[in-house]
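Below are the chains, spelled out letter by letter.
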Amino acid sequence: YINMAIEKAEEPSTPIHKQRSEHAALQKWGRVAAVVVLILIYSALALIYSNDYLDDPWIAYRYARNLARGDGLVWNVGERPVEGYTCFLWVIMNSLFIRLDIFPLLGSKIVSLFSGIVMIVAVFSPLNKTVTSFIPRLTLALLISLCPVLLFYGQSGMETLFFTAFVFLGTIVWSSSREQVNRNSFLFLASVMYGFAFLTRPEGLLLFTIVLVFEVVYIGRRIKEGDSWRQYRSELVAFCTPFLIIGLSYFVWRLAYYGFLFPNTYYAKHSGNRLNNLPLGLLYIGQAFSSYLVVPFALLAGLLVRSSIAGRWRRVILPLATIPAVYAAYIMWMGGDDTAAFPSARLLAPVIPIIYLVLVIALEEALKSATHGKQIMVSSIAVALCILSWTSDGLALLKRSNPELTSSVRPSAFMSFVARKIDRLNQDKADELSVWIRQQTRPDDLIAVPWAGRVPYYTDRPVLDMLGLNDLHIAHVEPQQRGIDVKMDPAYVLARKPKLIFVNVGSTYWRGDASFEEAGGWKLGDKLLLDMLRESSEYVFVEDAPTTISVFRRVTSEN
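Residues numbered from 1 in each chain as written. Predicted model: local features only at pLDDT ≥ 70, side-chain atom pairs only at ≥ 80, totals over all residues. Heavy atoms only, no water.

Asks: How should I be thinking about the pattern of salt bridges in this particular structure?
Replies: Where charged atoms of side chains with opposite charge meet at close range, the side chains can pair. This structure, assessed with the given rule, holds 20 salt bridges. A salt bridge links Glu 79 to Arg 496; the nearest nitrogen and oxygen atoms lie 3.5 Å apart. Residue Glu 79 is located in the loop between α3 (57-69) and α4 (88-99), and its partner Arg 496 is located in the loop between α21 (490-495) and β3 (500-506); the two are separated by 417 residues in the primary sequence. We classify Glu 79 as partly exposed; its relative accessible area is 35%. Salt-bridge contacts for Arg 183 lead to Glu 235; the nearest nitrogen and oxygen are separated by 2.7 Å. Taken as a pair, Arg 183 in the loop between α8 (160-177) and α9 (184-200) and Glu 235 in helix α11 (residues 229-258) lie far apart in primary sequence, 52 residues in all. You'll find Arg 183 and Glu 235 in the same group, each marked buried. (Salt bridge = Lys/Arg side-chain N within 4 Å of Asp/Glu carboxyl O. Helix = DSSP H or I, 4+ residues; strand = E, 2+ residues; numbered from the N terminus. Buried < 20%, exposed > 50% of the residue type's maximum accessible area, 1.4 Å probe, protein only.)

Spelled out as structure tokens, the structure:
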């Protein structure tokens, strides 16, 4: 369409106003067509990557269900509230789905799909002043819509893409404000987006703080150059006020309701000496770098060497590049993530679109005087290199999303595959273990489990979360070893006298057929708990449980 418009505009017989009108109309409809095609591609890939592999979404759904029932934001009804989730806005939204009798996993996937579409549309929106040309915008939209980690976690039931959308919108509007003379409206909107990001995940506060530091430095530099403070006071107020209203309101409520400065998950996962987990964080960042960061880093390094650090490089590109850099350092310091439970680069997903935004702005700046064909060629190479670096991780995530996937590419097999995927979107069905637990227990029986997601949701029993994510006592004990989710207190677990105890070590170890390590054990807390159960007369090993891990039942007079 664009080439046709250019050719028509060059015809001498065509009036100049008609040339420009037709050129603009074709450009407009070409961009609309590009957005529609991208949305269709993204939606198709989202369906393919749709999965129910992760356990953590069901933590939020349990809180959401209790809230929808009128019992409050609690883990166990009747017990002291504990903040075992890190996605307040996600929980609230899913409670609305449950009240409307909508399966929360389906509702979550629809919202995440919409979040991805909003990000694609925002790239072409008039609010995006940092990327002004069509080809760079198309490049950025392609990188976002094809990115495997965004597709996988966007269709997992988790809040990852919902949070990423708020972060991306806030960042793109804030960076656009640096290209404007009247910045107040852009800064206000960016602050609102960061505020909603903070309501979704605590890391929203970190991202807002990084951007606020840049704003303060920018204003300070302008005042030092002779501008009046009063000129920039309204900009600072516009940027701070919405976030402070949203953030402080939530913070005061949380402190009053739960009694702690941070979510209980923070104390359960990351308290203690950060240096212990720093090697794990370095490994996590290294693995993410190989798949999602190496190409943008290499291209940016080359463009930086070739270009002068002036103009947009200093005003826009470097501040934007600092956001993911600081965020990645924070993730590294916290020890990364449990990649066995959360494959790929989940924790870095919220800043991956920002990294690609930086890359595209740099490409646009470097190619601003290049021909149309050269811009297409360089952008295509950049996208192809990114896709190439994604290949291994993308295939692994695709397999996790579709464990039944085969090499067959027959049309009939493909249509059957799509039909099964669509059918599974709304399958609200308890797993075999949850059904067995409900049969073995009464509604008020306490069960102790090493996972806090699907089983607690579907059993709908009082649950002792032995990892401490949803237990105040365990979350505040000292960790016995390095790693994520290693805080445990076996004596406390036995003192609570749960009806059933599930230990995440293969039953072959209990029977003596395998060593602790061979049976999948590695946590010192699990080893100690099994030793204490061997010496206890209150618990017996359960032979017929539909699971490969070790299960124990408390002996009572009723047994």
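Moving on, there is more to tell.
Asks: Where do I start with a nonpolar patch on the surface in this structure?
Replies: On the surface, Trp 29, Val 32, Val 36 and Leu 40 cluster together into a nonpolar patch covering about 410 Å² of accessible area. Looking at the secondary structure, you find Trp 29 in helix α2 (residues 16-49). Its relative accessible area of 55% is what places Trp 29 among the exposed residues. (Patch = residues over 30% accessible without salt bridge, like charges linked within 9 Å, V, L, I, M, F, W, Y side chains within 5 Å. Areas by Shrake-Rupley, 256 points an atom, 1.4 Å probe, with all protein chains shown as cover.)

Asks: Whenever I open this one, unusual backbone geometry confuses me. Can you help?
Replies: For Ser 344, which is not a glycine, the phi torsion comes out positive at approximately 70 degrees. Exposure remark for Ser 344: the relative accessible area of 17% places this residue in the buried category. Although it is not a glycine, Lys 497 adopts a positive phi angle of roughly 55 degrees.

Asks: Hey, could you run me through the pairing of strand β5 (residues 549-554) in this one?
Replies: Each regular strand carries side chains that alternate between the two faces of the sheet. Within β5, 5 of the 6 residues are buried, leaving the element largely enclosed by the surrounding structure. Examined bridge by bridge, β3 and β5 share 5 bridges and lie antiparallel to one another. Considered in β5, the bridge of Ile 501 is made with Phe 552. Bridge count for strand β4 (residues 539-541) against β5 is 3 bridges, and the pairing is antiparallel. Paired with Phe 541 across the two strands is Phe 552, which belongs to β5. (Pairing = 2+ DSSP bridges.)

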